[in-house]
Amino acid sequence: MRLRICHLYGNLLNTYGDNGNLLMLQYCAREKGVDFETEIISLDQPFDPNKYDLVFFGGGQDYEQFIVSKDIQAKAAGIKAYIENDGVLLAICGGYQLLGHYYMDASGNKISGISALDHYTLSQDNNRFIGDITIRSEEFNETYEGFENHNGRTFLGENMRPLGKVEKGMGNNGEDKTEGARYKNVFCSYFHGPLLVRNIHLANRIVDMAIAQHNKKLEK
Ligand code: GLN
């Protein structure tokens, strides 16, 4: 088996060691005896929703996010089709924000997302949520440890559930105790540094889901 991994805008959105998530996914796949190939899909390149078993979308500074927000509109239909088709996707921070409706950056500019997921992100004045964070996933009965660093304050819509409930730290918005998002086979989080290296149980779960999706496609 050969898993096909897409690193969305991997040359632009890769801040605070987010690429470590990719290394961790590849490590877990290798441990399971599964081969993989990784492809960066970036500016002016089409996103084929049928090509991949796993998509990783990292975070970045407002400057890169602005550039990506313009380009990603042309990929919106493909990314939405991939998600609705139960595609496995992990998005961190800036990538997470761009999958939602919009993101107000630290200078007050409204950056359009693609509304693949039902959430939006506001900014906060002269403040960032920075520090260690612990969340509890009721869905998987697991605890995830990490480090968050974001200006954005994200609010989830009705069809979305959080990745976990904040036990320590700020999470999505510092108000409602949610952190990250879950929808179908999509995982979103503000954890940097990177999320999966500190939470191998989550890395293994995501790789298992990608393998299952790969096999499901072969059966069709
Ligand atoms: N620029 C966004 C924010 O500050 C995302 C940052 C990031 O991906 N770390 O909220």
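Structure's up top.
Let me begin by describing the structure that accompanies this report.

The rules behind each value
- Note that residues are indexed from 1 along each chain, following the sequence as it is written.
- At least 70 in pLDDT is required for a residue's local features to be given in this predicted model, at least 80 for side-chain atom pairs to be given and counted, and no such filter applies to totals for whole chains, interfaces and linings, which use all residues.
- The side-chain numbers reported here are obtained from all heavy atoms of the structure, hydrogens and water having been left aside.
- For every residue, the accessible area (1.4 Å probe, protein chains only) is compared with the maximum for its type, and the residue is labelled buried under 20%, exposed over 50%, or partly exposed between those bounds.
- Secondary structure follows DSSP: runs of H or I at least 4 residues long count as helices, runs of E at least 2 residues long count as strands, and numbering of each begins at the N terminus.
- The pairing criterion for strands is at least two bridges between them, as found by DSSP.
- We define a salt bridge as a contact between a side-chain nitrogen of Lys or Arg and a carboxyl oxygen of Asp or Glu at a distance within 4 Å.
- When we say a residue is near a molecule or strand, we mean one of its heavy atoms is within 4 Å of it.
- Polar contacts here mean pairs of N or O atoms no more than 3.5 Å apart (in protein, one a potential hydrogen donor and the other a potential acceptor; neighbouring residues in sequence count only if both atoms are side-chain atoms).
- In these tables, accessible area is a Shrake-Rupley quantity obtained with a 1.4 Å probe, and a residue counts as shielded only by the protein chains included in the view.
- Here the nonpolar group is Ala, Val, Leu, Ile, Met, Phe, Trp, Tyr, Cys and Pro; Asp, Glu, Lys and Arg are the charged ones; every other residue, Gly included, is treated as polar.
- Throughout, the arc means that of the directions going from the helix axis to the C-beta atoms.
- Two residues form a contact once any of their heavy atoms are found within 4.5 Å.

Considering the pairing of strand 14 (residues 186-189)
Okay, step 1: Taking every second residue as pointing to the same face, both faces of strand 14 are buried, with Val186 and Cys188 on one and Phe187 and Ser189 on the other.
Okay, step 2: By the bridge criterion, four bridges tie strand 4 (residues 88-92) to strand 14 in an arrangement that is parallel. Within strand 14, the residue paired with leucine 90 across the bridge is phenylalanine 187.
Okay, step 3: Of the pairings in the sheet, the one linking strand 13 (residues 181-183) to strand 14 comprises three bridges and is antiparallel in character. For arginine 182, the partnering residue across the bridge sits in strand 14 and is phenylalanine 187.

As for the pattern of salt bridges
Okay, step 1: Under the counting rule described, the total for this entry stands at 14 salt bridges.
Okay, step 2: Note that lysine 217 and aspartate 53 form a salt bridge whose closest N and O atoms lie 3.2 Å from each other. In this pair, lysine 217 sits in helix 5 (residues 200-219) while aspartate 53 sits in the loop between strand 2 (35-41) and strand 3 (54-57), placing the two residues 164 residues apart along the sequence.
Okay, step 3: With a shortest N-O distance of 3.2 Å, glutamate 175 and arginine 153 are connected by a salt bridge. Of this pair, glutamate 175 sits in the loop between strand 11 (164-168) and strand 12 (178-179) while arginine 153 sits in strand 10 (residues 153-156), and the two are 22 residues apart along the sequence.
Okay, step 4: Within this structure, Glu84, Asp86, Lys184 and Lys216 form a network of salt bridges that share partners.

Describing the site of the ligand
Okay, step 1: Near the ligand you find 16 residues, and of these Asp62, Gln65, Cys93, Gly152 and His192 are the closest.
Okay, step 2: Within the backbone of glycine 60, one N or O atom sits 3.0 Å away from an oxygen atom of the ligand.
Okay, step 3: At a separation of 3.2 Å, a nitrogen atom of the ligand approaches a polar side-chain atom of tyrosine 103.
Okay, step 4: Look at the ligand: alone it shows 300 Å² of surface, and the protein chains cover 98% of it.
Okay, step 5: Split by residue class, the shell around the ligand holds three nonpolar, eleven polar and two charged.

Some details on helix 2 (residues 62-71)
Okay, step 1: Among the residues making up helix 2, those that are buried are Glu64, Gln65, Val68, Ser69 and Asp71. Seen along its axis, helix 2 keeps its buried residues to an arc of 160°; they face one direction. Exposed side of helix 2, more than 90 degrees from the buried face: Tyr63 and Lys70 are the residues found there.
Okay, step 2: The secondary structure elements touched by the buried residues of helix 2 are strand 3, helix 4 (94-99), strand 5 (102-104) and strand 6 (110-112).

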